[in-house]
Every structure is written in structure tokens, then in C-alpha cells.
Amino acid sequence: MQAKPLSKKGVIGLCSPSHIPLYEAAPGQEVPRSREYKNIIASMEQEGFQVVQAENMYKKTWGYLASDQERGADFNQLAADPSVEYLLFGGGEGAPEVLPYLDYELFRQNPKRICSYSDGTSILNAIWAITGLETYYGQNPTKFMEWTDYDRRHFEGHILSDSMTEHEKASPWLCLNPGTAEGVLCGGYTVNFALLLGTKYFPADLHEPHILFLEDHEKFGGEDHVSAMLGYIEQSAFMKSVTGLVFGNYAGHPCPHLYARLKLLGERHHIPVVYCDDFGHGENHAILPIGRKARLTAGEDSGLRYL
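Since this is a predicted model, take the numbers as computed values, not measurements.

Description of the overall build of the chain
From N to C terminus, the chain includes eight helices and 13 strands. For a compact globule of 307 residues, the expected C-alpha radius of gyration is about 19 Å, and the chain comes in at 18 Å, within 12% of that figure. Within the span of the chain, comprising 307 residues, buried residues form 57% of the whole. Counted over contacts in the chain with a minimum sequence separation of 6, partners at least 24 positions apart contribute 77%. Accessible surface, the chain as shown: approximately 12800 Å² in total, 50% of it carbon and sulfur.

Structure below.
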């Protein structure tokens, strides 16, 4: 199931399951302008969009977050609002706590495009797996203050339309294990995806092939940490359905040990594996549609085509 694209003057719904947003910095407080939500919202409005902010978005009930019930209620509020066409939220910590409080039937009955990245992995994959609604991985609200041409093309190709029929690469992909594969795309931030596997909030059909995309970053953990998370994924029942792997940006420099680990995964499971700098916590923020069928090619002309 695919929601309609966001209208050019449509309504964006904002919530924050993983951090307490800063609306406006206090006098004398040094905060990047792009992190203040008043500026993010103003940028959205300057582009012609309307914005609905969830009721509990700025609450500090737990000190470091609104309560899990409040954050779940925010999602349900935006899902039920017929004016909201696009639901957008950022990362941090805490998204898995929200899963029991989401009204999945609301998302099924009121499909809208939903996008996030990082900690949002848990929510994006759960909504897709439970409802069948395609969701989108790769961008957060701050992108409206930090557009690059590459990021904007992905926003326009996946959120404002369905014109991106083939994944646009930021640079050539590194083939770590050659081959071709077809399957349904899913994945995201490595630790969130690993911890979601085996829970009731990810009832993926293990008889259906899946192309897995993952990303991590050196600022959050070393290559040993990434290897451990890959180990959890490999040991899961879900791994038997994985036909190919795309790994996103981990660092701005070559990572031979990580490449070797990813190559080993591909050889163990006889699947094609590629590494790229298109998405994740680096400079580029491509969008990948969770729930979309795709064909992965790993070789001289590596790429991803949507089916």
C-alpha cells in the first residue's frame, strides 16, 4: 500500500518520538540555527507547506523525553488528522518505546507518507510490517534547513512524487560481493533493526525475499560494534529471507575492516553486498522506500532499480 505524494502546498505533520525538540534557543545559548524548530517550520512554510505540530511534541514528562504514551498519542493524532499528508520526525533514542502505543489501524485506514531515519528505523519498519503501508527512510526535519541538491532530488522523487524509479547514487558503489537479487526493501540504522527482529512489531513474511539496507556511523560505535549487530541479524530467522544487502555511509574515509566483514556476510549467505555513501549519518541523505520491491545489482554497474 502506498500513500499519495505530498502536495506542493500540503500539510506536514511533525512529532518527536526520540528527542525533545528545541523550539527556540534561549538568549545567549549557542545552538545551530538549523536545530531550532521555529526555523525548520519557517523554512517549510517558506516552501509553501503548512505545518501541524503534535500536541506533546515539546513535553519533558520523563525529563529526557515525553512519556511513551504521549509520544504514541502524537503519532495517532497526526495519523487521524485528514489534513496531514506527510509525517516527518527525527532521530535520537526512544522510538522502540512508542511501538505498543501506535494505533496501527489508523495508519492503515489513513495512509500518508511517513519519513525519518536513525532511531526512526523501529517505527518505520513496524508500521510497514504491520499495516503494509510503504514508509520512507533517510531524512529528518532539519533537511529543510540544510538542503543539498542531491537530498532535495530524493525528497522530490519519493515524497512529492513517485518519479524516482531507480535509486540515484551520490557516487559509484563499492561491490563487496557480486551478484543480483530481487526483494522487498527494508532496514535502516543497524542496532534498531537488529533489536526489532523477532518482536511482534515486525511480523515480516519470511517466505518473501527482502533486500536489506543498513547504515551505522563511526561516531556511534566502532567496527566491532557494527560487526556484533550484523551478527545478531545473521543469527535471526529473518536472515534466511535476505537476498541482498546495501550498506550506507559509515565514515568519510576507507574502512577496510568493515568492508571485509560485509564481504564475509555476503559470502556466508551467498548474497550480493555493496557499500555506498548515499544514506545514513554522513553528508548525503538519500531516501529508501521501505516496502518497495527492488532489484539490486552488485558488480561493474552496481545499482538499485524499483520494480
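Quick notes on the pattern of salt bridges
Using the criterion set out here, one finds 13 salt bridges in the structure. Of the charged contacts, one joins Glu134 and Arg292 as a salt bridge, the two residues approaching to 2.8 Å between their closest N and O atoms. Placement of the pair is Glu134 in the loop between helix H4 (121-131) and strand E5 (135-137) and Arg292 in the loop between strand E11 (288-290) and strand E12 (293-298), with a sequence separation of 158 residues. Assigned by exposure class, Glu134 and Arg292 land together as buried. The shortest N-O distance in the salt bridge between Glu267 and Lys263 comes to 3.1 Å.

Details of the side chain of Asn76
You can see Asn76 is positioned in helix H2 (residues 68-80). Sequence-distant contacts of Asn76, defined by excluding residues within four places in its chain, comprise Tyr101, Leu102, Asp103, Leu106 and Phe107.

Remarks on the sheet that holds E11
Backbone hydrogen bonds hold the strands of a sheet together, and the pairing may be parallel or antiparallel. Reading across from one edge, E2-E1-E3-E4-E5-E11 is the order of the six strands in this open sheet, with mixed pairing throughout. Of all the strands in the sheet, the pair left with one neighbour each is strand E2 (50-53) and E11. Strand-to-strand twist across the sheet, computed as the mean angle between neighbouring axes with direction ignored, equals 30°. Bridge count between strand E1 (residues 11-14) and E2: four bridges; the pairing is parallel. Bridge pairing in E2 links Ile12 to Val51. Running over the sheet, H4 touches strand E4 (113-116), E5 and E11 and is turned about 155° from E5.

Criteria and cut-off values
Residues numbered from 1 in each chain as written. Predicted model: local features only at pLDDT ≥ 70, side-chain atom pairs only at ≥ 80, totals over all residues. Heavy atoms only, no water. Helix = DSSP H or I, 4+ residues; strand = E, 2+ residues; numbered from the N terminus. Rg over C-alpha atoms; globule rule 2.2 N^0.38 Å. Buried < 20%, exposed > 50% of the residue type's maximum accessible area, 1.4 Å probe, protein only. Contact = heavy atoms within 4.5 Å. Areas by Shrake-Rupley, 256 points an atom, 1.4 Å probe, with all protein chains shown as cover. Salt bridge = Lys/Arg side-chain N within 4 Å of Asp/Glu carboxyl O. Pairing = 2+ DSSP bridges. Axes fitted to C-alpha atoms, helices over the stretch in contact; angles between N-to-C directions.

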